[in-house]
Number of protein chains: 2
Amino acid sequence: MTTAAREQVGAKGERTRRQIIVGALQALATGGVAATTTRDIAAGAGVRLATLHYHFESKSALLLAVLEHLIDETTTALREETGDTADIASCIRGSLRAGWRYLTRTLELQIVQYELTLYALRRDDAVGLAGYQYDAYIKVYQDILQGVAGRTGELDAAECADVARFMLAGIDGLLLQELAKPNRTRSSHAIETLIAATQVFASGLSNNRKARKARRPATRG
Amino acid sequence: MTTAAREQVGAKGERTRRQIIVGALQALATGGVAATTTRDIAAGAGVRLATLHYHFESKSALLLAVLEHLIDETTTALREETGDTADIASCIRGSLRAGWRYLTRTLELQIVQYELTLYALRRDDAVGLAGYQYDAYIKVYQDILQGVAGRTGELDAAECADVARFMLAGIDGLLLQELAKPNRTRSSHAIETLIAATQVFASGLSNNRKARKARRPATRG
DNA sequence: GTCTATACGTCGATAGAC
DNA sequence: GTCTATCGACGTATAGAC
């Protein structure tokens with residue numbers, strides 16, 4: 001998605017464009033989306049104001065490009081942060097702890113991401129980007145779960161997606177609480193609670209699965 | 001909190017001030033915080049631009065006043081929406097379903113509230129308001145739970161607060177998912193999952209409590 | 001005390017020279 | 001592809017009418 005929907009293809013332009021996005025992200029993280037002007041961004045990226053508008057049709061288009069960049073960075077980081085595990089329960093524990101570790105390391109970026117997501121929701125031409133974002137994050141967790149479930153057979157694809165959605169909702173809600181009223185100790189405990197709750201949810205699904213199998217063995221083999 | 005920190009006390013001024021806040025809320029809900037100008041708000045509220053700035057020191061101060069108004073409205077609505085219940089499990093089910101019903105009825109207001117909360121987080125003089133907001137919502141659910149727990153003895157105050165925080169995180173996360181990619185059916189199922197998970201969490205706390213009591217009966221009577 | 005008219009500096013965006 | 005110069009609209013400040 002990052003390199004799609006592009007107009008100019010020159011190598012120089014490509015470099016300048018990326019330079020503006022990175023500079024914009026830094027400016028946005030420092031002062032917030034509402035307070036950051038295009039002049040701030042241009043100065044931070046080392047280009048003139050008019051140059052910025054040559055590469056991006058509008059401030060809006062630049063902000064959405066920054067959001068795409070953030071989504072890519074976050075999904076990549078989340079995938080790399082998580083290690084292999086033996087069963088679903090430890091996979092849930094591992095990916096939630098790893099995800100939380102990444103988010104708390106990058107709190108400023110997460111605020112920008114919330115700001116930009118809400119910004120995208122308000123633009124008719126970008127509501128899809130907000131939806132894409134949540135699909136992408138759910139898919140990260142779903143893929144991680146399915147990597148394990150594929151071997152153990154504990155959950156099918158749809159069930160992994162449901163568990164992933166539950167995990168994302170919990171971690172999202174706790175992140176908002178941590179941003180509004182920071183308290184790492186309290187949040188760490190809350191994450192452990194979320195881990196336990198997700199494990200119960202997943203094993204509930206898994207048990208239903210076994211029960212169905214036992215009741216109607218012919219339909220499965 | 002709404003009527004605190006006021007300067008003018010005249011009845012006329014009070015009415016105008018309220019009129020501006022309500023007009024502002026409507027304008028913000030329609031166009032979003034970023035796109036709403038003070039001129040829009042003034043026109044919508046039926047006052048002159050300069051009148052707006054007589055009642056509010058700045059656009060910032062007006063936006064924060066709108067956030068306070070929203071917090072008050074939401075906490076009141078959440079308390080009224082929830083009925084009495086016999087035990088903690090049905091209390092959790094009732095308050096989560098009631099809360100979700102209210103939020104989905106007022107999605108536009110919820111977007112504005114997220115926008116304004118993030119806005120407050122960026123202002124050094126208003127970070128406290130963001131924290132106050134989450135404390136207020138947690139207290140709503142905590143009070144509802146304690147009303148039941150006080151009779152049944154299932155949970156103490158601190159445990160009610162933990163359960164309340166878990167509920168808020170879950171509902172907050174699912175609200176974000178619903179806003180980013182609306183799907184009422186999917187969200188309703190997710191809320192039922194959250195209800196079940198919260199009930200398991202609460203009954204786990206409650207069982208620990210009974211186990212402690214059985215192990216050390218002297219310390220309790 | 002309540003409101004208005006008017007003006008100021010900065011914002012996002014653009015035109016046209018280079 | 002980048003520059004300077006400039007536009008209307010924005011948030012804000014204030015002197016004065018009632």
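Conventions we followed
Residues numbered from 1 in each chain as written. Chains lettered and ligands numbered in written order. Predicted model: local features only at pLDDT ≥ 70, side-chain atom pairs only at ≥ 80, totals over all residues. Heavy atoms only, no water. Contact = heavy atoms within 4.5 Å. Buried area = accessible area lost by both parts, 1.4 Å probe. Salt bridge = Lys/Arg side-chain N within 4 Å of Asp/Glu carboxyl O. Polar contact = N/O pair within 3.5 Å; in protein donor to acceptor, adjacent residues only side chain to side chain. Helix = DSSP H or I, 4+ residues; strand = E, 2+ residues; numbered from the N terminus. Near = heavy atom within 4 Å. Least-squares fit on C-alpha atoms with pLDDT ≥ 70 in both. Buried < 20%, exposed > 50% of the residue type's maximum accessible area, 1.4 Å probe, protein only. Domains from an automatic or database assignment.

**Some thoughts on the interface of chain B and chain A**
Frequently, the measure chosen for interface size is the accessible area that the parts lose on association.
In step 1: With 40 residues of chain B at the interface, the matching set in chain A holds 40 residues.
In step 2: For the pair chain B and chain A, the summed buried area comes to about 3,000 Å², and 69% of that belongs to carbon and sulfur atoms.
In step 3: When the buried surface of chain B facing chain A is broken down by residue, B:Leu118, B:Arg122 and B:Gln177 rank first, second and third, together holding 23% of it.
In step 4: The interface formed by chain B and chain A includes four salt bridges.
In step 5: Here B:Asp135 ties to A:Lys181 by a salt bridge, and the two come within 2.4 Å at their closest N and O atoms.
In step 6: The interface formed by chain B and chain A includes 11 residue pairs in polar contact (both at pLDDT 80 or more).
In step 7: For the side of chain B that touches chain A, the elements supplying multiple residues, two or more each, are helix H1 (11-31), helix H6 (107-122), helix H7 (127-152), helix H8 (157-180) and helix H9 (184-215) of chain B.
In step 8: No other element matches H8(B), which puts 12 residues into the side of chain B that touches chain A.

**Thoughts on the protein's contact with DNA strand C**
In step 1: Around DNA strand C, the surrounding shell holds 19 residues, and the nearest of these are A:Thr38, A:Lys59, B:Arg48, B:Thr51 and B:His55.
In step 2: Each atom of DNA strand C within 4 Å of the protein belongs either to a base or to sugar and phosphate, the latter forming 59%.
In step 3: Between a phosphate oxygen of DNA strand C and a side-chain N or O atom of B:Tyr54, the distance comes to 3.3 Å.
In step 4: Note that a phosphate oxygen of DNA strand C is positioned 2.6 Å from one of the side-chain N or O atoms of B:His55.

**Let's talk about the relation of the copies chain B and chain A**
Two chain copies here: they are related by a rotation about an axis and a translation along the same axis.
In step 1: With an RMSD of 0.1 Å, chain B superimposes on chain A once it is rotated by 180 degrees and translated 0.0 Å along the axis. Those values place the two copies in the arrangement expected of a two-fold rotation axis.
In step 2: Residue by residue, 100% of the interface of chain B is reproduced at the interface of chain A, so both copies engage with the same surface.

**What about the environment of B:Thr37?**
Residues and elements named next belong to chain B.
In step 1: Relative to the elements of secondary structure, Thr37 occurs in the loop between H1 and helix H2 (38-45).
In step 2: What makes Thr37 partly exposed here is its relative accessible area of 36%.
In step 3: A distance of 3.0 Å separates a polar side-chain atom of Thr37 from the backbone nitrogen of Asp40.

**Examining the domain arrangement of chain A**
Residue and element names in this part refer to chain A.
In step 1: Segmentation of chain A into domains returns domain 1 (1-57) and domain 2 (68-214).
In step 2: A separation of 30 Å is found between the C-alpha centroids of domain 1 and domain 2.
In step 3: Across the contact, nine residues belong to domain 1 and 11 residues belong to domain 2.
In step 4: In total, about 960 Å² of surface goes out of reach between domain 1 and domain 2, with carbon and sulfur atoms giving 71% of it.
In step 5: Taken together, domain 1 and domain 2 are joined by zero salt bridges.

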